[in-house]
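Overview (structure and organization)
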Amino acid sequence: MFFTIACKKANEPLTLPENLDIVTAKGSSNEICFDCDNQVVVYFNYDKLMLVPFSKVFRWDETKEKYPEITFIFYFTGKDKETLKKELEKMSFPYPVLHDPTNSFYKTNHLDTTSLNNKHFMAYILKHQRAKSLANLGMVDLFHEQLDKIVAKEALSMEGVN
């Protein structure tokens, strides 16, 4: 299956800018593993959209607890970092977020050329920093099924290592 991510075919790498400020809610870690094998990378423009997809309704605490072997990297672009921090704290969002005021993730990966309708909110599943599929964040049960497949594949690949 081929899908287009910013004029790239599936399995091509996404560039993950690391030199951005990290915003966390109280109690969440500020550790982000850019080199981990299994990643979900989310781009979100909070100047254009409300932060509703990151509220408790979407079961982020459950996701973090259930899938510790998957790294989540969030690129939030927008001007007001303090408002972002307050909103994440209000929602008790359990993951660190990279504040990307210059939209570097979007620009570097040429996401303006993607065929997706909503260019302000995009999520990808990566394996070794290479895009494998779009992540279904808006439908939590379906999203967890996608993550279950990643975990199952990882377990199968580890069986032959012993």
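Above this text sits the structure in question.
Treat the numbers as computed from the prediction; the structure is a model and nothing was measured.

**A closer look at the packing of aromatic side chains**
According to the stated counting rule, one finds 23 aromatic pairs in the structure shown. Measuring from centroid to centroid gives 6.3 Å for W60 and F72, while their planes differ by 90°, and the two rings are edge-to-face. Separated by 12 residues along the polypeptide, W60 in helix α1 (residues 60-66) and F72 in strand β3 (residues 71-77) bring together distant segments of the chain. Both residues of the pair, W60 and F72, belong to the buried class. Ring centres of F74 and F93 lie 5.1 Å apart, and the angle between their planes is 80°; on these two criteria the pair is classed as edge-to-face. A residue pair is termed long-range when its members are at least 10 positions apart, and F74 in strand β3 and F93 in the loop between α2 (81-91) and β4 (97-99) qualify at 19 residues. Each member of the pair F74 and F93 is classed as buried. Here the guanidinium or amino end of K64 rests over the ring plane of Y95, the centre of that ring lying 5.4 Å away.

**So, the environment of Y95**
Within the secondary structure, Y95 is located in the loop between α2 and β4. Separated by 64 residues in the primary sequence, Y95 and E31 place their C-alpha atoms 8.9 Å from one another. Other than its neighbours up to four places away in sequence, Y95 contacts V23, S28, W60, T63, K64, F72 and F74. At 3.2 Å, the side chain of Y95 and the backbone nitrogen of K64 are in polar contact.

Rules behind the numbers
- Residues numbered from 1 in each chain as written.
- Predicted model: local features only at pLDDT ≥ 70, side-chain atom pairs only at ≥ 80, totals over all residues.
- Heavy atoms only, no water.
- Phe/Tyr/Trp six-rings, centres within 6.5 Å; stacked < 30°, edge-to-face > 60°.
- Helix = DSSP H or I, 4+ residues; strand = E, 2+ residues; numbered from the N terminus.
- Buried < 20%, exposed > 50% of the residue type's maximum accessible area, 1.4 Å probe, protein only.
- Lys NZ or Arg CZ within 6 Å of the ring centre and 35° of its normal.
- Contact = heavy atoms within 4.5 Å.
- Polar contact = N/O pair within 3.5 Å; in protein donor to acceptor, adjacent residues only side chain to side chain.

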